[in-house]
Every structure is written in C-alpha cells, then in structure tokens.
Amino acid sequence: RVALDDALIEQVQKADVLVIGSPMYNFGMTVQLKSWFDAIARAGVTFKYTENGPQGLLTGKKVYVALARGGMHRDGVTDSQVPHLKTLLGFLGMTDVQFVYSEGIAMGPEAVARAHAQAEAEIEAALA
C-alpha cells in the first residue's frame, strides 16, 4: 500500500495540471476519490504542520474539477461536495482550482442537453 501511495504522490508532485472527475454521490465525492486524497495526504511530504497551522506542499498547480450531478446543487445548501474538495485541495496547497458543472442530468433529456451545453461553455471559457 505504501508503494502505491508513493507512486500516486509522485504523479501529483510531477503534474502541472490536474483534472479530476467527481460525480456527486449522496451530496459528496465518491469513495474512490476520497481514497485518492487519503493516499496522497502525507505529513512532511504533501503538507506540513507549522506554528501557523498546516501548510500545503503541492503548490503551483492548476486543478480542473468536472462535477456531474443528477440534481441542481450549485451554490446551494445541498452542495457540500465543492466546499469539501476546496478544503482538501487547499490543505495540500492546490488553490488554483476551477470547477466545471454538469447538473440536472437525472432530470430528463432537456436538462441533460442544458447540462452538457453549460459544461462545454465552462470548459471553453476555462481554456480560453
């Protein structure tokens, strides 16, 4: 397990850009994504404790997070996913984070079409 975590940490350390796909499951991230964060969060390697609190060591990275949601949660009280992701990424030093939303994909074909169009527009804007 330690060798796998070491390899995951090395991948993140070498990356300039991270792209994370995160569907919303029960108002949060998947267990697989949470396990990835657990694997790469290592004191003294990807963060350290200082007299001013924790300091992330994975700095200078751009992070894109693609969110897929069955309902509409953006900026609402039911969106605990984005704050959790911001906290975890920020704790590790990754603060240049852009979220791309695809919401309402369980609300019928018209909502799916709107969700895809919204996500595509956000991706275009992010890459411009």
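Up top is the structure these notes are about.
This section reports on the structure supplied with the text. Please read all numbers here as calculations on a predicted model, not as lab measurements. (Residues numbered from 1 in each chain as written. Predicted model: local features only at pLDDT ≥ 70, side-chain atom pairs only at ≥ 80, totals over all residues. Heavy atoms only, no water.)

## Re the pattern of salt bridges
Selection rule: One speaks of a salt bridge when a side-chain nitrogen belonging to Lys or Arg is within 4 Å of a carboxyl oxygen belonging to Asp or Glu. Starting at the N terminus, helices and strands are each numbered in turn, a helix being any DSSP run of H or I of at least four residues and a strand any DSSP run of E of at least two.
Considering all chains together, one arrives at 8 salt bridges under this definition. In this structure, the salt-bridge partner of Asp 6 is Arg 42, at a minimum N-O distance of 2.6 Å. Pair noted here: Asp 6 is in helix H1 (residues 2-14) and Arg 42 is in the loop between helix H2 (31-40) and strand E2 (47-50), with a separation of 36 residues, a long-range link. In this structure, Asp 38 and Lys 34 form a salt bridge, with 2.6 Å as the shortest nitrogen-oxygen distance. In this pair, Asp 38 and Lys 34 are both assigned in helix H2, 4 residues apart and thus about one turn of the helix distant.

## What about unusual backbone geometry?
In this structure, Asn 26 takes a positive phi of about 50 degrees despite not being glycine. Relative to the elements of secondary structure, Asn 26 occurs in the loop between strand E1 (17-23) and H2. The phi dihedral of Asp 75 is positive, around 60 degrees, even though this residue is not glycine. Following the sequence through the fold, Asp 75 ends up in the loop between strand E4 (62-69) and helix H3 (81-91).

## Description of the packing of H1 against H2
Cut-off, in case you're wondering: For helices, the fitted line uses only the C-alpha atoms of the stretch in contact; every axis is such a line through C-alpha atoms, and the angle between N-to-C directions lies from 0 to 180 degrees. Throughout this description, any angle smaller than 35 degrees is read as roughly parallel, any larger than 145 degrees as roughly antiparallel, any in the 65 to 115 degree range as roughly perpendicular, and the remainder as oblique. Working rule for contacts: check all heavy atoms of both residues, and any pair within 4.5 Å makes them a contact. Residue polarity is assigned by list, with Asp, Glu, Lys and Arg as charged and Ala, Val, Leu, Ile, Met, Phe, Trp, Tyr, Cys and Pro as nonpolar; anything else, Gly included, falls into the polar class.
Close contact between H1 and H2 brings their axes to 8 Å; oriented N to C, the two are set at 90 degrees. Classified by the angle between their axes, H1 and H2 sit roughly perpendicular to one another. Where H1 approaches H2, its residues Asp 5, Leu 8, Ile 9 and Val 12 are matched on the opposing element by Trp 36, Ala 39 and Ile 40. Within the contact of H1 with H2, the residues separate by chemical class into 6 nonpolar, no polar and 1 charged.

## Section: the side chain of Asp 79
We count it as follows: Relative accessible area decides the class of each residue, using a 1.4 Å probe on protein chains only: under 20% of the type maximum gives buried, over 50% gives exposed, and in between gives partly exposed. Two N or O atoms form a polar contact when they lie within 3.5 Å of each other; inside protein one atom must be a possible hydrogen donor and the other a possible acceptor, and for residues adjacent in sequence the pair counts only when both atoms belong to side chains.
Checked against the element boundaries, Asp 79 lands in the loop between E4 and H3. Residue Asp 79 is classed as buried on the basis of its relative accessible area of 8%. A distance of 3.2 Å separates a polar side-chain atom of Asp 79 from the backbone nitrogen of Gln 81. Here Val 82 takes part through its backbone nitrogen, which lies 3.1 Å from a polar atom of the side chain of Asp 79. Once you skip the residues sitting within four places of it in the chain, Asp 79 turns out to touch Met 24, Arg 69, His 73, Arg 74 and Tyr 101.

So, to be careful, I would describe these as geometric facts and stop short of saying anything about function.
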